[in-house]
Amino acid sequence: MARARTWTAIRFTSSNMAETDGLNEAKSQEIDQLPAFSIPVVELVSNSSNVHTENSLKDPWQRGTAIERNNGWISAGCVSKDIVHGLYSEADDEDEAENDEQPQHCSLIVLHFRFDPVDLGRRIKKVQATVKFSAINEDDDDPVVDKIAPDGRFWVHPTTQKETMTVGVVGKTGGTVMGAELGGELKRDKVVERDVTDAGTVRGAIETLGRNWGKPNTASWTLLENSTDKTGAPVSLRASILVRRDSAINFQAHFTLVVTPDNLTQAQTWFKSNPKDDPILYKVDVSPTNKLRNYNKETIDDDGKHKLVNNLGRLSLESAEFSDITLRTVWRNAQKTT
């Protein structure tokens, strides 16, 4: 007996087509929102999009951690190593007893930045860090950034490699025979060798941000990797800032970090926004933290209120305790035999 075949007809109605078009349009929008390699930089934020560094409600002054980010591939942050409020007393000033002017109040802030890949195959190509100072109250005068360290442009991990180039050299020969010109071209290749030097760089600068008038209010540092060997930007930066300020006016600082990772990490990192951290609030009548050294050795009385550290302007901010750059740290004798 022959079996009868049954065919089922499927018809696409206008409602089916509209639904299909809607799905295609939604899918297209979803694809457009996916991360792409064209992302120039990544503003590093925490895994939770609403997490940022806040001041404590019980004690909002001079918190230790300025900013901290970790997205699972790259970790970046900044902590305060020392905070000292006192008097400037420049190195070429006369003794205060012989100086008719009022002593200039200032504050020293020592920071430690860390930029670490935390996954295999990740690296950081560029870091931009800015610290912008302002008065807490708009009617008060802003602090003035007087000195920073490192200040200027520095090479880090310079490398030299030989580069070989092949250059084509063309020469012409010719003459005249019976009034006719005869000629030809001679071609040969010339090999040229040269030494090419490259290095990572760290640049520190005093700038004015957020306005086009007044004295400098910002310290900034830019760290770049050696583009030849691609070993990443320095992983650690200790930096110092000396600001001049009014004697009894508290102030604040806003911290910003922008990290440019390798292309793979850029493509895999996708965030909707970068939440703003609370500014660090500095209270000028607080005693020095004394983490790097004992600043209390040179103090004077401030009308019986509290001790003021003197001669902060005479400190050498270029010394290792106040400024340092680390490309990588190698643990000696890490390999052991038994």
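Check the entry above for the structure.
Values in this document were obtained by computation on a predicted structure and should not be read as measured data.

**So, the overall build of the protein**
Part 1 of the argument: Of regular secondary structure, the protein possesses two helices and 14 strands.
Part 2 of the argument: A burial count over the protein gives 35% of its 338 residues as buried.
Part 3 of the argument: Pairs at least 24 residues apart make up 77% of the contacts formed inside the protein by residues separated by at least 6 positions.

**Remarks on the nonpolar core**
Part 1 of the argument: Counting 36 residues, the largest nonpolar core has Phe113, Phe133, Trp221, Ile241, Phe255 and Tyr282 as the members making the most contacts within it.
Part 2 of the argument: Membership of the second largest hydrophobic core comes to 13 residues, among which are Cys106, Leu242, Leu315 and Phe322.

**So, the environment of Arg69**
Part 1 of the argument: With respect to the helices and strands, the residue Arg69 is situated in strand S1 (residues 65-70).
Part 2 of the argument: For Arg69, a relative accessible area of 3% puts it in the buried group.
Part 3 of the argument: For the pair formed by Arg69 and Leu257, sequence separation is 188 residues and the distance between their alpha carbons is 9.2 Å.
Part 4 of the argument: Of the polar contacts made by the side chain of Arg69, one reaches the side chain of Asp277; its length is 2.6 Å.

**A short note on the pattern of salt bridges**
Part 1 of the argument: Inspection of the entire model under this criterion finds nine salt bridges.
Part 2 of the argument: Among the salt bridges present, the one from Glu225 reaches Arg123, with a minimum N-O distance of 3.0 Å. Here Arg123 lies in the loop between strand S3 (105-117) and strand S4 (124-135) and Glu225 lies in the loop between strand S8 (218-224) and strand S9 (236-245), a separation of 102 residues in the sequence.
Part 3 of the argument: Taking the relative accessible area as the measure of exposure, Glu225 reaches 11% and is therefore buried.

**Examining the environment of Val131**
Part 1 of the argument: Mapped onto the secondary structure, Val131 falls in strand S4.
Part 2 of the argument: Note: C-alpha distance between Val131 and Thr218 (87 residues apart in sequence) is 5.6 Å.
Part 3 of the argument: When sequence neighbours within four positions are dropped, the list of residues in contact with Val131 reads Leu111, Asn217, Thr218, Ala219, Trp221, Ile241, Ala253, His254 and Phe255.

**Some thoughts on unusual backbone geometry**
Part 1 of the argument: Omega for the bond connecting Ala149 with Pro150 falls within 30 degrees of zero, at 0 degrees, which places this linkage in the cis form.
Part 2 of the argument: By the secondary structure assignment, Pro150 is in the loop between strand S5 (144-149) and strand S6 (152-177).
Part 3 of the argument: Although it is not a glycine, Asn290 sits at a positive phi angle of roughly 55 degrees.
Part 4 of the argument: Relative to the helices and strands, Asn290 resides in the loop between strand S11 (280-282) and strand S12 (299-301).
Part 5 of the argument: Taking the relative accessible area as the measure of exposure, Asn290 reaches 26% and is therefore partly exposed.

**Considerations on the side chain of Asp277**
Part 1 of the argument: Looking at where Asp277 falls in the secondary structure, it is placed in the loop between helix H2 (263-268) and S11.
Part 2 of the argument: A polar contact is formed between the side chain of Asp277 and the backbone nitrogen of Thr53, at a distance of 2.8 Å.
Part 3 of the argument: In contact with Asp277, other than residues within four places in its own chain, are His52, Thr53, Arg63, Ala66, Ile67 and Arg69.

**Section: the packing of aromatic side chains**
Part 1 of the argument: Evaluation of the coordinates by the stated rule reveals four aromatic pairs.
Part 2 of the argument: Summarising the aromatic geometry, the rings of Phe113 and Trp221 are spaced 6.1 Å apart at their centres and angled 55 degrees between planes, so their arrangement reads as tilted. A residue pair is termed long-range when its members are at least 10 positions apart, and Phe113 in strand S3 and Trp221 in strand S8 qualify at 108 residues. As far as the burial class goes, Phe113 and Trp221 line up, both buried.
Part 3 of the argument: For the ring pair Phe251 and Tyr282, a centre distance of 5.0 Å and an interplane angle of 20 degrees mean the geometry is stacked. Placement of Phe251 in strand S10 (residues 251-261) and of Tyr282 in strand S11 is noted, with a sequence separation of 31 residues between them. We note that Phe251, like Tyr282, is buried.

Each value, and the rule that gives it
- Residues numbered from 1 in each chain as written.
- Predicted model: local features only at pLDDT ≥ 70, side-chain atom pairs only at ≥ 80, totals over all residues.
- Heavy atoms only, no water.
- Helix = DSSP H or I, 4+ residues; strand = E, 2+ residues; numbered from the N terminus.
- Buried < 20%, exposed > 50% of the residue type's maximum accessible area, 1.4 Å probe, protein only.
- Contact = heavy atoms within 4.5 Å.
- Core = buried A, V, L, I, M, F, W, Y, C linked by side-chain atoms within 4.5 Å.
- Polar contact = N/O pair within 3.5 Å; in protein donor to acceptor, adjacent residues only side chain to side chain.
- Salt bridge = Lys/Arg side-chain N within 4 Å of Asp/Glu carboxyl O.
- Phe/Tyr/Trp six-rings, centres within 6.5 Å; stacked < 30°, edge-to-face > 60°.

Limitation: the analysis is restricted to geometry and does not speak to function.
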